[in-house]
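# A look at the structure
Listed below, chain by chain, are the residues.
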Amino acid sequence: MRSAHRVETVRSAERTLMAQLPPGALMQRAAAGLAAACADALGRVYGSRVVLLTGSGGNGGDTLYAGARLAKRGAGVTAVLLAPDRTHPDALKALLRAGGTTTTPDAAADVIARADLVLDGIVGIGGKGGLRPDAAHLAELVTASRATVVAVDLPSGIEPDTGEIHGTALRADLTVTFGTHKPGLLIDPARAYAGSVRLIDIGLASTLPATPDLESLQHADLADLLPHPAAESDKYRRGVVGVAAGSARYPGAAVLAVAGALRSGAGAVRYVGPAADAVLARFPETLVSDSGPKRAGRVQAWVTGPGAGDDSAPVAEALSTDVPVLLDADGLRLADVAAVRARTAPTVMTPHAGEAAALLGVAREEVESARLTAVRELARRYDATVLLKGSTTLIAGPDDATPVRVNPTGTPWLATAGSGDVLSGLTGSLLAAGLAPLDAASAAAYLHGLAGRYAANGAPTAAQDVADAIPAAWRDITA
């Protein structure tokens with residue numbers, strides 16, 4: 001599990017740890033890890049040209065101490081001091097003793113143009129808003145250079161707690177972060193500025209709280225979550241998914257939702273809706289009913305909304321049942337907020353940014369720029385688990401104390417018509433198998449992302465291909 005903690009939590013943990021260590025020990029740990037990562041990025045340290053963009057405080061200290069280590073190994077190191085009167089004094093002395101030099105922002109253009117590597121130590125986790133004009137000018141020079149850019153703890157200019165960007169930020173090839181991930185490193189749009197992320201262990205785990213603010217599942221976590229049939233399993237024990245989706249205009253949505261459920265190990269799928277012929281033509285094993293969700297027969301979870309058009313009756317009827325319900329697409333628009341909040345069984349909602357914006361009454365751009373805020377607000381408003389699809393898919397439960405999950409397997413190849421319908425069926429299958437809402441949605445997003453990568457393999461793909469690739473993704477996770 002990859003964990004991320006907010007700035008306030010990190011600062012408190014650092015204070016606790018520093019009280020247990022000799023003065024400066026924590027900064028030296030960070031600098032040692034940073035210097036090692038820079039050496040790896042350079043390949044050859046001796047004779048390389050390194051520029052340090054150095055702000056004030058601890059972040060600037062980490063940068064200068066790391067520069068001193070590189071200078072001792074034969075690199076030519078120049079520190080650009082953005083706040084000379086607030087530069088970490090001991091770290092600056094260490095750099096100068098090691099043979100490093102300093103310059104001012106006004107005179108930095110030439111050294112940046114010739115640099116092999118630039119360390120972005122302008123601002124640390126305490127930074128707010130975009131870069132100030134002098135720093136923004138340096139960022140422009142770095143962007144125009146051929147240098148590899150390494151961000152110290154996080155790229156300067158991003159919001160560390162939310163992943164938002166307000167103004168200019170410096171894009172890195174590699175971010176070396178200390179102790180724990182920061183939320184902004186995992187959430188777009190800031191995630192795109194971080195490049196590859198390398199976590200350096202500085203001993204902070206012992207003083208961080210057990211529950212993070214964000215978490216990102218990895219293969220091993222998924223392997224533990226995914227259901228496996230036992231010797232005595234039958235279709236009911238494996239989970240029966242009800243799908244109330246599709247319409248005369250959008251029969252394909254029903255077909256794809258059923259495909260997602262069947263390819264995800266559902267014991268059986270019961271379909272209710274006007275696309276029965278299309279569903280049976282593609283999947284003859286589907287159990288078709290001409291009744292509504294309440295009279296369709298035994299199910300352990302309902303998926304409703306994909307391709308429903310303006311018919312709210314199946315959505316309302318599914319919400320009135322006592323089993324988990326997944327709301328997607330038209331179902332999000334047709335569902336009554338009070339009816340969702342009144343449910344005693346779990347509800348999972350899977351909007352994309354446009355649908356989330358409509359539900360929240362804001363512009364789509366506002367959701368895309370503040371994804372964490374949007375997913376938490378929707379989860380609170382509907383008292384539901386919300387999976388916000390997008391470049392970074394986030395999953396939030398209705399309880400603010402529960403960490404938000406960040407899906408690491410997303411791919412732009414999933415941006416194709418019907419892909420969300422497949423995800424709905426996949427999630428419904430895991431809900432029917434008994435997974436908790438947050439786990440079902442997180443596991444579904446992870447599998448869906450992997451399946452999208454496998455189906456595309458670097459070439460265009462379609463939603464049905466994504467559904468067909470789910471078993472391969474499942475095998476690789478559980479192998």
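Here is a short report on the structure shown in this document. Since this is a predicted model, take the numbers as computed values, not measurements.

Moving on, we come to the environment of S424. Structurally, the position occupied by S424 is in helix α18 (residues 419-432). With 24 residues separating them along the chain, S424 and H448 place their C-alpha atoms 10.0 Å apart. S424 has contacts with V303, P306, L326, D328 and T350, leaving out every residue within four places of it along the chain.

Our next topic: the nonpolar core. Core analysis: the biggest nonpolar cluster contains 53 residues, and L226, V243, V258, Y271 and L430 have the highest contact counts within it. Among the secondary structure elements, those contributing two or more residues to this core are β10 (240-244), α10 (251-262), β11 (268-272), α11 (276-282), β13 (301-304), α18, α19 (437-456) and α20 (463-478). Examining the composition of this core, we find that ten residues originate from one element, α19, more than from any other. With near-sequence residues (within four places) excluded, V258 lies in contact with V243, V269, Y271, V279, F283 and T286. Residues L21, A75, L119 and L154 belong to the second largest nonpolar core, which totals 52 residues.

The next point concerns the sheet that holds strand β2 (residues 49-54). Ordered in space as β4-β3-β2-β5-β6-β7-β8, the seven strands form an open sheet in which the pairing is parallel. Each edge of the sheet is formed by a strand with only one pairing partner; in this case those strands are β4 (101-103) and β8 (196-200). Taken pair by pair, the neighbouring strands of this sheet meet at an average axis angle of 20°, ignoring direction. With three bridges connecting them, strand β6 (residues 148-152) and strand β7 (residues 174-178) associate as parallel partners. Counterpart to V150 in the pairing with β7 is L174. Those strands touched by helix α3 (residues 57-72) are β2, β3 (76-81), β5 (117-121), β6 and β7, and its axis lies near 165° from that of β2. Along the sheet, helix α4 (residues 89-97) contacts β2, β3 and β4; its crossing angle with β4, the most-contacted strand, is approximately 120°.

Geometrically, a packed helix pair is captured by the angle between its two axes and the distance between the axes. At a minimum axis separation of 6 Å, α10 and α18 run at an interaxial angle of 40°. One way to sum up the angle between α10 and α18 is to call them oblique. Between α10 and α18 lies a crossing whose hand is right-handed. Within the contact between the two elements, α10 uses A253, L256, A257, G260 and A261 and α18 uses D421, V422, G425, L426 and S429. In terms of residue class, the contact of α10 with α18 is built from six nonpolar, three polar and one charged.

Rules used in this analysis
- Residues numbered from 1 in each chain as written.
- Predicted model: local features only at pLDDT ≥ 70, side-chain atom pairs only at ≥ 80, totals over all residues.
- Heavy atoms only, no water.
- Helix = DSSP H or I, 4+ residues; strand = E, 2+ residues; numbered from the N terminus.
- Contact = heavy atoms within 4.5 Å.
- Core = buried A, V, L, I, M, F, W, Y, C linked by side-chain atoms within 4.5 Å.
- Buried < 20%, exposed > 50% of the residue type's maximum accessible area, 1.4 Å probe, protein only.
- Pairing = 2+ DSSP bridges.
- Axes fitted to C-alpha atoms, helices over the stretch in contact; angles between N-to-C directions.
- Parallel < 35°, antiparallel > 145°, perpendicular 65-115°, else oblique.
- Left-handed = near helix turned anticlockwise from the far one by under 90°.
- Nonpolar A, V, L, I, M, F, W, Y, C, P; charged D, E, K, R; others polar.

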